[in-house]
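# Reading the structure
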Amino acid sequence: HEEIKRKRGVLREIEELSTHLEKALIFDNKHTTHSTVTLAQQWDQLNEFTRRMHHSISAQIEAQNRTGVEEDELKEFTLMFKHYDKDRLKTPFRPGCLIRTFNHIIPK
C-alpha cells in the first residue's frame with residue numbers, strides 16, 4: 001500500500017505533462033491509448049484495493065494474535081471440520097474429533 005502511495009508522484013507528473021499538451025492544443029497522443037483521467041481512475045481503484053487488503057490482513061493478524069491459534073492449527077481445524085461436516089451438520093457434530101486435533105482432552 002505504501003509503495004502505491006509513493007508512486008502517486010508519477011501520476012502527478014503525467015497529469016502535469018497532459019496539462020502542458022492541452023495548453024499547446026495537443027489533444028491526441030498517438031503514442032498511447034490511455035488518458036490522464038483513466039489513469040487517475042485506475043490508480044484510485046488500485047489504491048483503494050490495496051488499502052482494503054492491508055486492512056483485512058491486519059485484522060486477520062490481530063485476530064490470530066488474540067486467539068493464540070497458529071495458522072497451521074487453524075488450517076487443520078478447518079480440514080477436520082470439513083471432513084466431519086460433509087452433509088452440512090445434518091448429522092450430530094462431534095467436537096471431540098476437532099479437540100483431539102489440538103491435543104486437548106475433554107474431561108468426562
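Please refer to the structure placed before this passage.
None of these values were measured; they are calculated from a predicted model.

### Digging into the overall build of the protein chain
Along the protein chain, the regular secondary structure elements total five helices and zero strands. Going from N to C terminus, the protein chain has its helices and strands arranged as α-α-α-α-α. Here the contacts in the protein chain between residues at least 6 apart in sequence split such that 55% fall between residues at least 24 apart. Surface summary for the protein chain: the accessible area is close to 9,600 Å², and the carbon and sulfur share equals 57%.

### Considering helix H2 (residues 8-23)
Look at H2: 23 Å from first C-alpha to last across 16 residues, which is about the 22 Å you get at 1.5 Å a residue. Of the residues flanking the end of H2, it is Leu25, one or two places downstream, whose phi is positive at about 60 degrees.

### Description of the pattern of salt bridges
Using the criterion set out here, one finds four salt bridges in the structure. For the salt bridge of Arg6 with Glu3, the shortest nitrogen-to-oxygen distance reads 2.6 Å. Of this pair, Arg6 and Glu3 both sit in helix H1 (residues 2-6), three residues apart, which is roughly one turn of the helix. Classification of Glu3 as partly exposed rests on a relative accessible area of 41%. Ionic pairing is found between Glu48 and Arg52, a salt bridge with its closest N-O pair at 3.0 Å. Here Glu48 pairs with Arg52, and both are found in helix H3 (residues 36-67), just four residues apart, close to one helical turn. Residue class for Glu48 comes out partly exposed when judged on its relative accessible area of 29%. Taken together, the salt bridges that share partners define one network made up of Glu3, Arg6 and Lys7.

### Quick word on H3
Taking 1.5 Å per residue, 32 residues should reach 46 Å; H3 reaches 46 Å between its end C-alpha atoms and fits that length. Among the residues of H3, Thr36, Ala40, Trp43, Asn47 and Thr50 are the ones counted as buried. Summarising the contacts, the buried residues of H3 are in contact with H1 and H2. Where H3 ends, the next residue or the one after it, Gly68, has phi of about 80 degrees, a positive value.

### Looking at the side chain of Thr50
Here Thr50 shows up in helix H3. Among residues more than four places away in sequence, those in contact with Thr50 are His1 and Ile4.

How each quantity is defined
Residues numbered from 1 in each chain as written. Predicted model: local features only at pLDDT ≥ 70, side-chain atom pairs only at ≥ 80, totals over all residues. Heavy atoms only, no water. Helix = DSSP H or I, 4+ residues; strand = E, 2+ residues; numbered from the N terminus. Contact = heavy atoms within 4.5 Å. Areas by Shrake-Rupley, 256 points an atom, 1.4 Å probe, with all protein chains shown as cover. Expected span 1.5 Å × (residues − 1). Salt bridge = Lys/Arg side-chain N within 4 Å of Asp/Glu carboxyl O. Buried < 20%, exposed > 50% of the residue type's maximum accessible area, 1.4 Å probe, protein only.

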